[in-house]
Amino acid sequence: MAKAQEKSKPAVGYRDMASAIRALSMDAVEKAKSGHPGMPMGMADVATVLFSEAMRFDPTDSKWPNRDRFVLSAGHGSMLLYSLLYLTGYPGMDIGQIENFRQLGAKTAGHPEYGHAEGIETTTGPLGQGIANAVGMAIAEQLLSARFGKDLVDHHTYAIAGDGCLMEGISHEAISLAGHLKLGKLIVLFDDNSISIDGATSLSESDDQVARFAASGWNTVRIDGHDTKAISEALAKAKADSSKPWLIACKTIIGYGAPNKAGKSSTHGEPLGTDEIAGTREKLGWPHKPFDIPADVLDAWRATGQRHASERAAWKARYDKAGADVHNALGEPLAHARAPDVFAAIAAARTNFAADTAKRATRVWSQLTLEHLVPALPELIGGSADLTGSNGTKTKHHTAVAPGNFGGNYMHYGVREHGMAAVMNGMALHGGVIPYGGTFLVFTDYCRPSIRLSALMGIRVIYVMTHDSIGLGEDGPTHQPVEHLAALRAIPNLQVLRPADAIETAEAWMAALSKCDGPTVLALTRQAVPTQLRKQLTDENMTMKGGYVVRGTEGGERDVTLIATGSEVGVAVEAADLLAKDGIKAAVVSMPSFELFRAQSEDYQHGVMGAAARVGIEAAIAQGWHEWLRHKDGFVGMTGFGASAPAPKLYEHFGITAARIADVARQQIKVVADS
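Now for a look at the structure at hand. This structure is a prediction, so every number in the text was calculated from the model and none was measured.

### Notes on the overall build of the chain
Here comes step 1: A tally of helices and strands in the chain yields 27 helices and 20 strands.
Here comes step 2: Taking all 675 residues of the chain together, the buried fraction comes to 61%.
Here comes step 3: Taking contacts inside the chain between residues at least 6 apart in sequence as the whole, the part at least 24 apart equals 77%.
Here comes step 4: Working note: accessible area of the chain is about 24900 Å², and carbon and sulfur atoms make up 52% of it.
Here comes step 5: The positive charge centre, built from 65 side chains, and the negative charge centre, built from 74, are 2 Å apart in the chain.

### Concerning the side chain of T48
Here comes step 1: Inspection of the secondary structure puts T48 in helix α4 (residues 44–54).
Here comes step 2: Since its relative accessible area comes to 1%, T48 is described here as buried.
Here comes step 3: At a separation of 2.7 Å, a polar atom in the side chain of T48 contacts the main-chain carbonyl oxygen of A44.
Here comes step 4: With residues near it in sequence (within four places) discarded, T48 still touches Y14, M17, A18, I21 and W301.

### Quick look at the sheet that holds strand β20 (residues 634–636)
Either a parallel or an antiparallel arrangement is found when strands of a sheet pair, and the pairing is made through backbone hydrogen bonds.
Here comes step 1: If you trace the five strands from one edge of the open sheet to the other, you get β16-β18-β17-β19-β20, paired in mixed fashion. What marks the edges here is a single partner per strand, and that holds for β16 (548–551) and β20. In this sheet, neighbouring strand axes are inclined to one another by 30 degrees on average, regardless of whether the strands run parallel or antiparallel.
Here comes step 2: One ladder, built from three bridges, connects β16 with strand β18 (residues 586–590); its direction is antiparallel. Along β18, the bridge assignment pairs Y548 with S590.
Here comes step 3: Strands β16, β17 (560–564), β18 and β19 (613–617) of the sheet are contacted by helix α23 (residues 567–581), whose axis makes an angle of about 160 degrees with β17.

### As for the environment of I98
Here comes step 1: With respect to the helices and strands, I98 occurs in helix α6 (residues 95–99).
Here comes step 2: Overall, the relative accessible area of 0% leaves I98 in the buried class.
Here comes step 3: As for I98 and D320, which are separated by 222 residues in sequence, their C-alpha atoms are 37 Å apart.

### Some points on the sheet that holds strand β6 (residues 219–224)
Here comes step 1: An order of β1-β2-β3-β7-β6 is seen for the five strands of this open sheet, with the pairing classed as parallel. Whereas interior strands pair on both sides, the edge strands pair on one side only; in this sheet they are β1 (69–72) and β6. In this sheet, adjacent strand axes meet at a mean angle of 20 degrees when their direction is disregarded.
Here comes step 2: As defined by bridge partners, strand β2 (residues 157–162) adjoins strand β3 (residues 186–192) across six bridges and the pair is classed as parallel. Across the sheet, the residue bridging to A161 is F190, located in β3.

### Some words on the state of the cysteines
Here comes step 1: Evaluation of the coordinates by the stated rule reveals zero disulfides.
Here comes step 2: Free of any disulfide, C250 has its nearest cysteine sulfur in C165, 13 Å distant.

### A look at unusual backbone geometry
Here comes step 1: Following E332, the chain continues to P333 via a peptide bond in cis, the omega torsion being -10 degrees.
Here comes step 2: Here P333 shows up in the loop between α15 (324–330) and α16 (339–354).
Here comes step 3: Of note in this structure, A335 is not a glycine but carries a positive phi near 55 degrees.
Here comes step 4: Among the secondary structure elements, A335 is positioned in the loop between α15 and α16.

### Some details on the pairing of strand β9 (residues 380–384)
Here comes step 1: For β9, the tally of buried residues reaches five of five residues, placing the bulk of the element in the interior.
Here comes step 2: Residues L380, G382 and S384 line one face of β9 and the alternating positions I381 and G383 line the opposite face, and both faces are buried.
Here comes step 3: The pairing of β9 with strand β10 (residues 410–412) spans three bridges and is parallel. Residue pairing for β10: G383 is matched across the bridge by M411.

### With respect to the packing of α23 against helix α27 (residues 658–674)
Here comes step 1: Running from N to C, α23 and α27 cross one another at 60 degrees; their axes reach a closest spacing of 8 Å. Put simply, α23 runs oblique to α27. Considering how the two elements wind past one another, α23 and α27 form a crossing that is right-handed. Residues V571, A572, E574, A575, L578 and L579 of α23 form the contact with α27, whose participating residues are A658, A659, I661, A662, A665 and R666.
Here comes step 2: Broken down by class, the residue content of the contact of α23 with α27 amounts to 10 nonpolar, no polar and two charged.

### Describing the pattern of salt bridges
Here comes step 1: For the coordinates displayed, the defined rule picks out 31 salt bridges.
Here comes step 2: Note that D58 and R312 form a salt bridge whose closest N and O atoms lie 2.7 Å from each other. Of this pair, D58 sits in the loop between α4 and β1 while R312 sits in helix α14 (residues 309–321), and the two are 254 residues apart along the sequence.
Here comes step 3: One salt-bridge network, in which partners are shared between bridges, spans D58, D61 and R312.

### Remarks on the environment of A240
Here comes step 1: By the secondary structure assignment, A240 is in helix α11 (residues 228–240).
Here comes step 2: A sequence separation of 309 residues divides A240 from V549, and the C-alpha atoms of the two residues are 62 Å apart.

### Concerning the packing of helix α2 (residues 14–32) against α4
Here comes step 1: The contact between α2 and α4 brings their axes to 9 Å, and the two run at 115 degrees. Every pair of crossing elements has a handedness; the one defined by α2 and α4 is right-handed. Contact residues: Y14, M17, A18, I21 and R22 in α2; A44, D45, A47, T48, V49, S52 and E53 in α4.
Here comes step 2: When the residues that make up the contact of α2 with α4 are grouped by side-chain class, the tally is seven nonpolar, two polar and three charged.

### Here's the deal with the environment of P294
Here comes step 1: Examined against the element boundaries, P294 turns out to sit in the loop between α12 (274–284) and α13 (295–305).
Here comes step 2: A sequence separation of 278 residues divides P294 from D16, and the C-alpha atoms of the two residues are 9.7 Å apart.
Here comes step 3: With near-sequence residues (within four places) excluded, P294 lies in contact with W286 and H288.

### Section: the packing of aromatic side chains
Here comes step 1: Within the structure shown, the criterion is met by 15 aromatic pairs.
Here comes step 2: Geometrically, the ring pair formed by F57 and Y90 is stacked, given 6.3 Å between the ring centres and 5 degrees between the ring planes. Note that F57 is positioned in the loop between α4 and β1 and Y90 in the loop between α5 (78–88) and α6, a separation of 33 residues in sequence. Judged on exposure class, the residue F57 and its partner Y90 are both buried.
Here comes step 3: Each ring, one from F443 and one from Y446, has its centre 5.6 Å from the other, and the planes form 5 degrees; the classification is stacked.
Here comes step 4: Ring pairing ties together the aromatic residues F594, F597, Y604, W625, W628 and F635, which thus form one cluster.
Here comes step 5: Cation over ring: R302 sits above Y86, and NZ or CZ is 5.3 Å from the ring centre.

Cut-offs and rules
- Residues numbered from 1 in each chain as written.
- Predicted model: local features only at pLDDT ≥ 70, side-chain atom pairs only at ≥ 80, totals over all residues.
- Heavy atoms only, no water.
- Helix = DSSP H or I, 4+ residues; strand = E, 2+ residues; numbered from the N terminus.
- Buried < 20%, exposed > 50% of the residue type's maximum accessible area, 1.4 Å probe, protein only.
- Contact = heavy atoms within 4.5 Å.
- Areas by Shrake-Rupley, 256 points an atom, 1.4 Å probe, with all protein chains shown as cover.
- Lys, Arg positive; Asp, Glu negative; His and termini not counted.
- Charge placed at Lys NZ, Arg CZ, Asp CG, Glu CD.
- Polar contact = N/O pair within 3.5 Å; in protein donor to acceptor, adjacent residues only side chain to side chain.
- Pairing = 2+ DSSP bridges.
- Axes fitted to C-alpha atoms, helices over the stretch in contact; angles between N-to-C directions.
- Disulfide = S-S within 2.5 Å.
- Parallel < 35°, antiparallel > 145°, perpendicular 65-115°, else oblique.
- Left-handed = near helix turned anticlockwise from the far one by under 90°.
- Nonpolar A, V, L, I, M, F, W, Y, C, P; charged D, E, K, R; others polar.
- Salt bridge = Lys/Arg side-chain N within 4 Å of Asp/Glu carboxyl O.
- Phe/Tyr/Trp six-rings, centres within 6.5 Å; stacked < 30°, edge-to-face > 60°.
- Lys NZ or Arg CZ within 6 Å of the ring centre and 35° of its normal.

Here it is in structure tokens:
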């Protein structure tokens with residue numbers, strides 16, 4: 001094997017190949033007058049050996065399902081990744097993109113952006129997210145390998161992480177889970193340069209990172225990150241031993257090659273300057289002009305990019321002969337052929353629920369929906385952050401994933417909400433699975449950075465968030481979300497669904513699975529709600545319209561429109577009944593999703609809302625409701641934090657009752673009449 005590896009090395013040495021990365025990085029940052037040259041220069045040797053010897057990839061097919069994944073968790077060093085993509089020949093990443101670094105419209109954004117260029121596996125920049133994404137990718141690889149065998153799924157996930165990534169709390173959640181699951185095909189390369197923006201890392205930490213990883217069940221090794229032989233041997237050792245994940249701590253010099261700034265924090269986040277760049281060229285023996293890569297060096301890199309073309313072709317031949325389950329999981333779009341089965345599962349759930357007279361929480365209706373969905377959609381991988389019973393995320397069709405057993409379809413993430421969300425992002429990015437995970441809605445605060453990245457990347461991740469209001473009761477204001485719906489609705493491309501009854505809950509799952517270009521939050525109750533608020537059930541999925549008239553008025557005329565979400569829709573219906581006794585015609589609109597309703601035509605929106613006075617109703621703060629309520633319209637909800645008491649007492653205490661809604665409706669009707 002060693003001889004074969006030796007023969008595959010290009011005639012041009014690793015020194016010159018690494019110098020190409022350093023030169024492109026410092027020149028691009030200098031031209032942009034913005035960026036981070038230090039990390040790419042420091043990790044150029046590691047990246048050169050990684051891509052030349054260890055990484056299995058083919059730039060002509062950047063979505064090859066069995067490729068190795070590379071995650072640049074230290075996303076500020078994006079020029080390292082862009083240099084590699086250009087040098088190895090990824091389509092669209094030409095030298096013009098390198099020269100246009102950090103400019104509007106370029107593929108080479110300040111931090112790697114998923115979808116901007118082929119070969120970018122995930123969006124990184126918020127430190128620590130990438131290492132957690134890598135854990136998710138490694139989990140997905142193990143799950144799919146257990147299902148389809150190593151002939152079709154057998155690859156590694158590599159991540160480069162810096163000191164900052166490992167300072168972030170999410171790194172602990174991620175490495176702990178990875179160690180527990182013994183993710184032996186995950187290899188993290190630690191850029192151990194001991195420098196942060198403020199100066200030496202000793203200003204703020206004295207951790208032994210290698211000992212920390214070892215304590216979490218990882219294999220570890222320390223190497224000189226500028227010794228290509230040591231890098232090569234460490235990577236070979238890590239690939240040969242897949243008993244546990246690997247940390248390769250690479251001792252590097254930030255800004256390697258810079259004569260005056262190497263090893264200093266000044267190289268982290270600012271251009272080197274023309275004089276320092278000239279000195280670097282001299283010290284590296286790189287006399288070439290900016291953005292000029294000698295033909296022999298570029299040829300060596302391009303040959304590196306072509307090393308696995310035949311292997312990919314052989315894999316494709318095996319894939320073509322595989323069965324429908326493989327094509328559903330590994331083909332594009334994911335599970336497309338299963339759409340009829342998913343529709344049938346949702347239809348069966350709705351039919352069963354319509355015949356059920358029991359009042360249950362929407363979290364329970366969600367679990368009952370999953371009982372239908374999980375058998376129909378094997379790609380669906382469930383989980384919870386240690387709240388499985390409370391979230392209702394596990395069904396009788398689930399088997400837990402465990403160390404050495406990846407034949408399951410349910411993840412126990414432990415009390416790691418942030419880690420769970422980022423890991424699910426990694427799973428979705430890997431492909432082959434559709435992850436969903438649960439916790440309490442209030443803990444979206446812990447998940448929020450990763451939810452935001454789900455939305456930014458446009459990936460299908462489903463967040464099952466239960467205990468969605470003061471209706472959770474006695475746990476009190478620490479656990480009662482009042483501002484969270486507004487905060488989540490503020491995230492672009494995030495679909496927030498708060499279903500009102502059993503039927504809407506089943507339909508909400510259809511909406512979540514149908515959104516392939518972004519994440520969904522399902523906000524679900526702890527307290528029981530009616531089975532069906534609609535008087536008539538049709539085949540149409542009304543929840544996917546975002547809002548609709550759930551209870552109309554006789555003759556269609558209305559004096560007031562009550563607009564509510566989730567558990568408050570039932571309260572609004574009760575209020576409408578009270579108003580009807582006084583001869584007041586109140587229509588009730590259920591609005592499970594602001595985002596879906598916003599996407600409807602103006603004519604549809606006007607037809608649902610009507611011209612009469614409006615009252616918005618939600619056990620949350622009013623922020624965001626201005627989109628649907630006019631200046632003089634009313635709102636019944638929360639104006640501050642909750643309290644600890646049984647749910648019915650809390651609704652009464654905070655005035656979210658049918659009687660109060662009816663009173664506010666009468667006031668609004670009077671306001672309209674007097675105006």
